[in-house]
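What follows is the residue order along each chain.
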Amino acid sequence: MKRPLCLIAGGFVLGETVVLLSLTSGLLIPALLAAGTGAVCLKRRSKGAVWLPVFLLFVLLGMGRAGDTKLEWDARERACMEMAGVYSELHGRVSAVEESEGKVQITLEENVVRPLAGSGEGRSFSMSRQIPCVLVSWKTDATEDMPDARDFKLGSNVTVRGKLELFARARNPGEFDSRNYYRVQGVDCRMYGEEVEISGGDVSPLPELLRQIREKAKQNIMRSAAAEDAGIFSAAVLGDKKALDSEIKDLYQKNGIAHLLAISGLHLSIIGMGGI
């Protein structure tokens, strides 16, 4: 076997795929047949019998990991469902900040959510809930008391009051599934902030500095270039596609070069993750 790492990785990914297919599509039998076919092909190759137990071991490890991840997300989703629609107070740590078109959006991690008195609407709560990641947004022009993006630092603690909402699921085949999209990004649910308070915390110096540099660069690009060109420059240099015109984005995708925008902004993402 010249490439044992490929064998190990392939077995692990195949194990995860078996679980995911069985849970999302009801295709457990086809997935198991694929795993069995891979094992038979491996056994028929020279010296394949030696690596067959290793292959099957990593298939099982992949299945176990995917199963644990599914159980974890089920528990997280139940916590969100229990708190959805209840006026609550959320306390968490800022991990991302964005602002566009009069709307501020912050990502809060390590959250503790507790319902406020009289907001249960007939439901009883024995304790607060821990929800790992919540997307919070509000309009800056809604009230003068609401802070804007410049008031937040990465790592600072924030208290928000409002109602949690679940992301929408796709109702028809091929329709965009917001819940799965945000789940891939590690986000559990969202909240529209009615009251927002910044309450100190340990600011992360390097990630915050990188964020400020990125925001400053984005402002310079948007100010110096035409709107259509600014969206392309921002996507290519900073990896920020929010200002990219939808028609131009479709052209990149139709011509098979949309990956160039992702690759162009990848170096800043790597630097940012290193700083965190």
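The preceding data block contains the structure.
What counts as what
- Residues numbered from 1 in each chain as written.
- Predicted model: local features only at pLDDT ≥ 70, side-chain atom pairs only at ≥ 80, totals over all residues.
- Heavy atoms only, no water.
- Helix = DSSP H or I, 4+ residues; strand = E, 2+ residues; numbered from the N terminus.
- Buried < 20%, exposed > 50% of the residue type's maximum accessible area, 1.4 Å probe, protein only.
- Contact = heavy atoms within 4.5 Å.
- Areas by Shrake-Rupley, 256 points an atom, 1.4 Å probe, with all protein chains shown as cover.
- Phe/Tyr/Trp six-rings, centres within 6.5 Å; stacked < 30°, edge-to-face > 60°.
- Core = buried A, V, L, I, M, F, W, Y, C linked by side-chain atoms within 4.5 Å.
- Salt bridge = Lys/Arg side-chain N within 4 Å of Asp/Glu carboxyl O.
- Pairing = 2+ DSSP bridges.
- Axes fitted to C-alpha atoms, helices over the stretch in contact; angles between N-to-C directions.
- Patch = residues over 30% accessible without salt bridge, like charges linked within 9 Å, V, L, I, M, F, W, Y side chains within 5 Å.
- Lys, Arg positive; Asp, Glu negative; His and termini not counted.
- Charge placed at Lys NZ, Arg CZ, Asp CG, Glu CD.

A. Representation of the overall build of the protein chain within the structure. Within the protein chain, the secondary structure is distributed over nine helices and five strands. Shown N-terminal to C-terminal, the secondary structure of the protein chain runs as helices and strands in the order α-α-α-β-β-β-β-α-β-α-α-α-α-α. With 276 residues in all, the protein chain has 33% of them scored as buried. When contacts within the protein chain are restricted to residue pairs at least 6 apart in sequence, those whose partners lie at least 24 apart make up 71%. A total accessible area of about 16,900 Å² is found for the protein chain, and carbon and sulfur atoms account for 57% of it.

B. Geometry of the packing of aromatic side chains. Throughout the structure, instances matching the rule amount to four aromatic pairs. Residues Phe176 and Tyr181 carry aromatic rings whose centres are separated by 5.5 Å and whose planes lie at 55 degrees to one another, so their mutual orientation is tilted. By relative accessible area, Phe176 is classed as exposed at 56%. For Tyr181, a relative accessible area of 42% corresponds to the partly exposed category.

C. Local environment of the nonpolar core. Grouped together as the largest cluster of nonpolar side chains are 24 residues, with contacts concentrated most on Ile106 and Leu164. Elements with a contribution of two residues or more to this core: α3 (48-83), β1 (87-100), β2 (103-115), β3 (129-139), β4 (157-165) and β5 (189-198). Excluding residues within four positions of it along the chain, Leu164 makes contact with Met83, Ala84, Gly85, Val86, Leu90, Val113, Ile131, Val134, Cys189, Arg190 and Met191.

D. Region of the structure containing the environment of Leu206. Structurally, the position occupied by Leu206 is in helix α5 (residues 205-224). Sequence spacing of Leu206 and Leu154 is 52 residues, and the spatial spacing of their C-alpha atoms is 9.4 Å.

E. Looking closely at the pattern of salt bridges. By the definition in use, this model includes 15 salt bridges. Ionic pairing is found between Glu109 and Arg93, a salt bridge with its closest N-O pair at 3.1 Å. Taken together, the residues Glu109 in strand β2 and Arg93 in strand β1 connect sequence positions 16 residues apart. Relative accessible area serves as the criterion here: at 24%, Arg93 is assigned to the partly exposed category. The residue Asp148 makes a salt bridge to Arg150 at a minimum N-O spacing of 2.8 Å. One salt-bridge network, held together by shared partners, links Glu89, Arg114, Arg161, Glu195 and Glu197.

F. Highlighting the environment of Arg211. Locating Arg211 in the fold gives a position in helix α5. Note: C-alpha distance between Arg211 and Ala96 (115 residues apart in sequence) is 8.7 Å. If we skip the residues at most four places from it in the chain, Arg211 touches Val97, Ala149, Phe152 and Leu154.

G. Summary view of the sheet that holds β4. Overall, mixed pairing links the five strands, which are arranged β1-β2-β3-β5-β4 in a closed barrel. Averaged over neighbouring strand pairs, the angle between their axes works out to 50 degrees when direction is ignored. Relative to β2, β1 runs antiparallel, the two sharing 11 bridges. Bridge assignment links Ala96 to a residue of β2, and that residue is Thr107.

H. Summary view of a negative patch on the surface. There is a patch of like negative charges on the surface, built from Glu228, Asp229, Asp245, Glu247 and Asp250. Residue assignment for the negative patch shows that the elements contributing at least two residues are α6 (227-238) and α7 (246-254). In this fold, Asp250 is placed in helix α7. The class of Asp250 is partly exposed, set by a relative accessible area of 37%.

I. Quick peek at a nonpolar patch on the surface. A surface patch of nonpolar side chains, about 280 Å² in accessible area, is lined by Leu206, Leu209 and Ile213. Along the chain, Ile213 turns up in helix α5.

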